[in-house]
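Survey of secondary and tertiary structure
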Amino acid sequence: MKSKILVTGGLGFIGSHTVVALQEQGFDVVIIDNLSNSSLDVLAGIMKITQISPEFENIDLRDKEAVVNFFEKYPKIIGVIHFAASKAVGESVENPLLYYENNLTSLIYLLKELSQKDEANFIFSSSCTVYGQADTLPISENAPVKKAESPYGNTKQIGEEIIQDSCKVYPQISAISLRYFNPIGAHPSGEIGELPIGTPQNLVPFITQTAIGKREQLSVFGNDYPTIDGTCVRDYIHVMDLARAHVIALKSLLEDKLEKNYDVFNLGTGKGNSVLEVIESFERVSGKKLSYKIVDRREGDITAAYADTHKANSELNWKAEHSLDEALKSAWEWEKRVAQIEKEE
Ligand code: WQD
């Protein structure tokens, strides 16, 4: 029986791109997803790209019995990439208990199953949000983890601590937390991409939906920050670069390449771009003039964040390869594809 990799949240934005990258590297993938923020169309999209149908289990990881039964059904799981979590910053402020229950209970149930195995390799989807507004830029993995600005960010901080403590007492578990900066873009095939449900909270899907005519106008949340043009600066990383990093990180665990059984890596391009620079880049690659207005700052936004990528570059031998233009171009191509599909429905 082939060794299998479990991808939780594998029908989500980053999860689906990572499933494709795993399959292309010859891994056997099982997806767990409860379809709360994704759809089975994504499974079809994955299959169109790789011609390989991942096994799929519609399970809510808060259901302890379902998690136990899953690992009994799939005894050969040797690696887990854990994406499944609620991830909307604003929603987490309004509904903290949903976030603590969903994001932490699922993690604990997964780790309890892995602690029963002889070998387990675990990749955790974390976020640069754990740094808050870092004191120095670019942000390295040694930057202090500050008090989270939202329950969402807190679940990432607590999640990392739960994993680190587990790795201390279960030496058979090796784990890596990957702290993403701002994931954007879509697979070049146009078969999978970001599918925000409802009004997009993030900048790039709001830009592409405005350009396609789904949204009236983009609101730029503040232009009075101490940055190059007054708008916030972020490190926008192509989802394809992010997916590749997950496969490399998993392989480094499977091949016992890490010196210790828990580590953390920042995943970014190392370059910061302001909101207005993202708009300018989008207009250039799409040929569309974007309608936007400057409004008040958004509560909880930090001024600037971009990654010091030296650790991932050297220890994972991974570097982001796509430019902001390429990422925005792929996001725009995907938005046009979604509009085409919706028109045909
Ligand atoms: C980027 C910039 C906004 C929308 C969050 C989470 C992070 C990850 C990504 C989950 C900011 C500005 C945005 C809009 C705007 N989430 N903006 N108008 O807040 O950096 O990161 O999402 O994995 O963990 O913290 O991303 O895309 O929401 O905002 O002006 O309509 O765009 O103010 O400066 P953010 P974002």
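Residues numbered from 1 in each chain as written. Predicted model: local features only at pLDDT ≥ 70, side-chain atom pairs only at ≥ 80, totals over all residues. Heavy atoms only, no water.

Notes on the nonpolar core
For clarity, the cut-off: Put simply, buried Ala, Val, Leu, Ile, Met, Phe, Trp, Tyr and Cys residues joined by side-chain atoms within 4.5 Å make one nonpolar core. For each residue, the accessible area found with a 1.4 Å probe, counting protein chains only, is set against the maximum for its type, and the residue is called buried under 20%, exposed over 50%, and partly exposed in between. Helix numbers and strand numbers start at the N terminus; a helix is a DSSP run of H or I with at least 4 residues, a strand a run of E with at least 2. The contact criterion used is simple: two residues touch if any of their non-hydrogen atoms lie within 4.5 Å.
Ranked by internal contacts, the top residues of the largest apolar core, which has 39 residues, are L22, I46, I123, I176, L178, L267 and W318. With 8 residues, helix α8 (residues 239–254) is the single largest residue contributor to this core. The residues touching L22, leaving out its near neighbours within four places in the chain, are I5, V7, F27, V29, I81, V247 and L250.

As for the packing of aromatic side chains
So the rule is basically this: Here a Phe, Tyr or Trp ring, Trp counted by its six-membered ring, pairs with any other such ring whose centre lies within 6.5 Å, and the pair is stacked when the planes are under 30 degrees apart, edge-to-face when over 60, and tilted otherwise. Criterion for a charge above a ring: Lys NZ or Arg CZ within 6 Å of the ring centre, and within 35 degrees of the ring normal.
By the definition in use, this model includes 3 aromatic pairs. Plain terms: the ring middles of F282 and W332 are 5.5 Å apart, the flat faces sit at 85° to each other, and that makes the pair edge-to-face. You can see F282 sitting in helix α9 (residues 275–286) and its partner W332 sitting in helix α11 (residues 324–344), a full 50 residues away along the chain. Through pairs of rings, three or more aromatic residues link up here, namely F70, F71 and Y74. R297 extends its terminal NZ or CZ atom over the ring of Y225, reaching a point 3.9 Å from the ring centre. The side chain of K311 reaches across the aromatic face of F265, ending 4.9 Å from its centre.

A word on the packing of helix α3 (residues 64–73) against helix α5 (residues 96–114)
The test is simple: To define axes, lines are fitted to C-alpha atoms, for helices over the stretch in contact only, and angles between the resulting N-to-C directions are given on a 0 to 180 degree scale. Left-handed is the label given to a crossing in which the near helix is rotated counterclockwise from the far helix by less than a right angle, and right-handed is the label when the rotation is clockwise. Charged residues are taken to be Asp, Glu, Lys and Arg, nonpolar residues to be Ala, Val, Leu, Ile, Met, Phe, Trp, Tyr, Cys and Pro, and polar residues to be all remaining types, Gly included.
Put simply, α3 and α5 touch, their axes get as near as 10 Å, and they point 35° apart. At the point where α3 passes α5, the crossing takes the right-handed sense. Here α3 contributes K64, V67, V68 and F71 to the contact with α5, which in turn contributes Y109, L110, K112, E113 and L114. A per-class count over the contact of α3 with α5 returns 6 nonpolar, no polar and 3 charged.

These values are about where atoms sit, not about what they do.
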